[in-house]
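What follows is each chain in one-letter form.
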Amino acid sequence: MLSRIAESLFWIGRYVERADNTARLLDVHLNVLLEDPWVDEPSANASLLSVMSCPLDGPVSRGDVLRQLAFEEDSATSIAGTLAAARENARRAREVISTEVWESLNTTRMDLRRWSRASRPHEYFVWVRERAAVVWGLSSATTSRDDAWHFMELGRSLERADMIARLLMTRSLEGTTGPNWTTLLRTCSAHEAYLRTVRALVTEERAAEFLLIDRLFPRSIAYNLDRAESILSQIEGSESNRALAGRARLALGRARTNLEYSPVRDILDDLVTQMHEVQRACATASDMIRDRYFLPSATITWNQEAL
Amino acid sequence: MASTDDPTPWTGYTPVAAWDEAMDVEGSVRDPYARVYAEIDRMSGDDLYSRAEALANTYLAQGVTFDHAGEERPFPLDIVPRVIGSDEWDIISPGVSQRVQALEAFLADVYGSQHCVQDGVVPRRLIATSQYFYRSVAGVEPANGVRVHVSGIDLVRDQHGIWRVLEDNVRVPSGVSYVLSNRRAMSQMFPEMFGAMGIRPVLEYSRRLRASLARCAPEGVDDPTIVVLTPGVYNSAYYEHSLLARTMGVELVEGRDLETVNGRVYMRTTAGRRRVDVIYRRVDDDYLDPVVFRPDSSLGAPGLINAARLGNVTIANAVGNGVADDKLMYTYMPDLIRYYLNEEPILPNVDTWRLEEADAREEVLDRLDELVVKPVDGAGGKGVTIGPKASREELDQVKAQITSDPRGWIAQPVIQLSTVPTLTDEGLEPRHVDLRPFAINDGDDVWVLPGGLTRVALQRGQLIVNSSQGGGSKDTWVLGGVRHRASSQPPPEARVEFGGLASVPQTAHPEDYVAGQQQQQQQQQQQQQQQQDLAGEEASC
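Okay, so let's go over this structure. (Residues numbered from 1 in each chain as written. Chains lettered and ligands numbered in written order. Predicted model: local features only at pLDDT ≥ 70, side-chain atom pairs only at ≥ 80, totals over all residues. Heavy atoms only, no water.)

## Considerations on the overall build of chain B
The secondary structure content of chain B amounts to 18 helices and 23 strands. With 541 residues in all, chain B has 54% of them scored as buried. At a minimum sequence separation of 6, the contacts of chain B that also span at least 24 residues come to 70%. Accessible surface for chain B amounts to roughly 24200 Å². Of this, 47% is attributable to carbon and sulfur atoms. (Helix = DSSP H or I, 4+ residues; strand = E, 2+ residues; numbered from the N terminus. Buried < 20%, exposed > 50% of the residue type's maximum accessible area, 1.4 Å probe, protein only. Contact = heavy atoms within 4.5 Å. Areas by Shrake-Rupley, 256 points an atom, 1.4 Å probe, with all protein chains shown as cover.)

Here it is as structure tokens:
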């Protein structure tokens, strides 16, 4: 697979997943603003934006949050921006992805215009989640499990681990008590699965465990880190030069085992730092993958004779 | 025209001065269009518009677009197909094929020993002054002798219905992707007509192209790695590049994906470097190799030309082909066909004045307001001045240009391009069209894609049909296709797939064939015998 195409696929995976999770996160945030009677809205908003790594100066209104994270087309953190970017990447990798996946991304991009700022955000978020599901469903049904699939999945699992970490950070936003654990589980579509697995009412520690380290649920952090690790080893295959990819796996594995082998109470007491660690591991892994697979191995030096 | 009082989409359709392909001057429908006419006649106007809208929507969803001034636009496809009868195609197809063979022979000659100059057919000055004649590729011998792997010969039909060649494109002709996607969209829109009319299929284009690229691989490469080289996603024909790569099942690369080491070309993959054998390039000569051509180009890869010269990679179409589709060289094409092929040209040229000749220049400058003046190296309708529609100032400007650079311009009479019914805001109206049939040369044979790209000028009276000038396209139906029954033997294209492998004939001796048949008969007899035996056993027990 061409390096350039692999990079596009990796980013399609990341962008679509980011759109999906941003929609979930905004949905729960707007809900919290409505339900929390003692909420200090501007600081809760500002805190949310800093969780999403796009802080604004001054008081932040609900409209600012929606613009930054939902509708702004030129930003890599907003839903509209990520969906457009996913489509642009798909256009560059058009000959590798299937027609169905391309058309779903292309029509999603075109339909974005219908969702103006005035429409009810909740419906927009539902639509975004649906479109992401359509893209994943089609790509899962029409892609060979070769490198094309691996790179897209790799991007997706890294992004998902990263975004769940951000979502858990909203537990400790300033100016509000934040969403309760039942809401968080619902946001991750994990409530039913949690109830079936734990067979008990939602308690903080069990819920956190479920979203952090459950080995079977596809929206737990450890599950996605583990998935990224195993995809990396599949991409590597039997290659000799494994230094950089190995380091990517190292970063992911360290983050995962830290979650798995620490007492859950310790993590909860220090949730923000711990979640930052997860994000840092994902970013490191992403950089390593870029250096190993997407960039030319060395800058080419050439002269007339060598050509 | 309408048989009842109810208006149909055809009510009010009247051909203009040009040759109308659907209807003659008395208003009766020409044969090839009979079925299309009847089908549309049964529809209401609204039905036709709603189908047209559905067509536009599928194109948007599929992303069938072209880039114009940095913006992605859907490529306008008209709902009314253009129909070409099989008798007309029997002129066009051999005519195009003959033309390509002559161009091929001419290019081999120009970059070889230049017999045509020594024999006085073409002046040496003409070749030497051509902007696209590259001495740097003289003596580069393509692997199977093919330089024009893909060509698009632009045809027009004049007032009398005669097909004429308007220009040759043997560098990087584009537009074939719209032929393929137009067909797919139209067959969904008019399934009834497709069943009944026997339209020749176009889908085998990609297979043919792949086979012909595989055959031109460097000596000794059995299973060549083919790539399509695109300038990138901002190129106006990017959709086409990706479609061709996708339907041929090959990689679509950009210049930065390629690197040249020791005269060999590689592409960068996630699993390291991989050798490239054949490059179907869609990058212009000038940008292909910064070592030889424009040093500021980042669209190509340094060292490509050297690798081609060493015979380690085949570049298709060959570099330097532009010398043959120079518009001034075009005027010599009929002579060149006679010279190289010893045949009379099947398709005539459009009359053209060579402005280097003093008499011709004088006549043209006199009659500038009734002629079309074109730059010899232009494409996309740029720089074309249509005399009758130009203002005084424009004409003066053209006059000055011609006087200062006579080699740079040609003049032609205004040709009233033929018209085909086209859906406009005012209903069906005649609009001017041209036709670009595509030909693939695999070294043994020149195959012409049945149909080709029909471009249509969407504004009334407009004679320039290029998509960059607001033109659209039509699906082009060539009649006379024979439907293959499932029981018949596989069509020849099924065997084309492995054409590049140059299979070793299994029967080298005529007697082998006879022997083989006898062996088959023997086997059949044995099988029958066995079956009879079995049946006998069953009956006996």
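## Digging into the interface of chain A and chain B
Of the residues lining the interface, 29 residues belong to chain A; the matching set on chain B comes to 35 residues. Taking both partners together, chain A and chain B bury about 2700 Å²; carbon and sulfur atoms supply 49% of that area. The interface formed by chain A and chain B includes 2 salt bridges. Here chain A and chain B share 13 residue pairs in polar contact (both at pLDDT 80 or more) between them. (Buried area = accessible area lost by both parts, 1.4 Å probe. Salt bridge = Lys/Arg side-chain N within 4 Å of Asp/Glu carboxyl O. Polar contact = N/O pair within 3.5 Å; in protein donor to acceptor, adjacent residues only side chain to side chain.)

## Some points on the pairing of strand E21 (residues 453-457) of chain B
Residue and element names in this part refer to chain B. Most of E21 is tucked away: 5 of the 5 residues are buried. Because side chains alternate across E21, one face comprises the buried residues Leu-453, Arg-455 and Ala-457, and the other comprises Thr-454 and Val-456, equally buried. As judged from the 4 bridges shared by strand E18 (residues 427-436) and E21, these two strands associate in the antiparallel manner. Along E21, the bridge assignment pairs Val-433 with Val-456. Taken together, the 4 bridges between E21 and strand E22 (residues 471-474) define a ladder with antiparallel strand orientation. Each bridged residue has a counterpart across the sheet, and for Ala-457 the counterpart in E22 is Gly-471. (Pairing = 2+ DSSP bridges.)

## Let's talk about the side chain of Arg-147 of chain B
Residues and elements named next belong to chain B. Examined against the element boundaries, Arg-147 turns out to sit in the loop between helix H5 (124-128) and strand E4 (150-157). Buried charge without a salt bridge: Arg-147, with Glu-141 as the nearest opposite-charge side chain at an N-O distance of 4.2 Å. Not counting chain neighbours up to four residues away, the residues in contact with Arg-147 comprise Glu-104, Leu-107, Ala-108, Tyr-111, Val-140, Glu-141, Pro-142, Asn-317, Ala-318 and Asn-321. (Lys, Arg positive; Asp, Glu negative; His and termini not counted.)

## Points about helix H6 (residues 176-189) of chain B
Residue and element names in this part refer to chain B. With 14 residues, H6 should reach 20 Å at 1.5 Å per residue; the first-to-last C-alpha distance of 20 Å fits that figure. With 11 of 14 residues buried, H6 is to be regarded as a mostly interior element. Along H6, the residues classified as buried are Val-176, Ser-177, Tyr-178, Val-179, Leu-180, Ser-181, Asn-182, Arg-183, Ala-185, Met-186 and Met-189. (Expected span 1.5 Å × (residues − 1).)

## A short note on the packing of aromatic side chains
Residue and element names in this part refer to chain A. Considering all chains together, one arrives at 19 aromatic pairs over all chains under this definition. Centre to centre, the rings of Tyr-194 and Phe-210 are 5.7 Å apart; their planes meet at 85°, and the pair counts as edge-to-face. Placement of Tyr-194 in helix H9 (residues 191-198) and of Phe-210 in helix H10 (residues 204-213) is noted, with a sequence separation of 16 residues between them. By the burial criterion, Tyr-194 is buried, and Phe-210 matches it. (Phe/Tyr/Trp six-rings, centres within 6.5 Å; stacked < 30°, edge-to-face > 60°.)

## Topic: the pattern of salt bridges
Throughout the structure, instances matching the rule amount to 65 salt bridges over all chains. For Arg-171 of chain B, the salt bridge goes to Asp-325 of chain B, with nearest N and O atoms at 3.1 Å. Taken together, the residues Arg-171 of chain B in the loop between strand E5 (163-169) and H6 and Asp-325 of chain B in helix H12 (residues 322-325) connect sequence positions 154 residues apart. Linked through salt bridges whose partners overlap, the residues forming this network are Glu-17, Asp-20, Arg-24, Arg-160 and Arg-219 of chain A.

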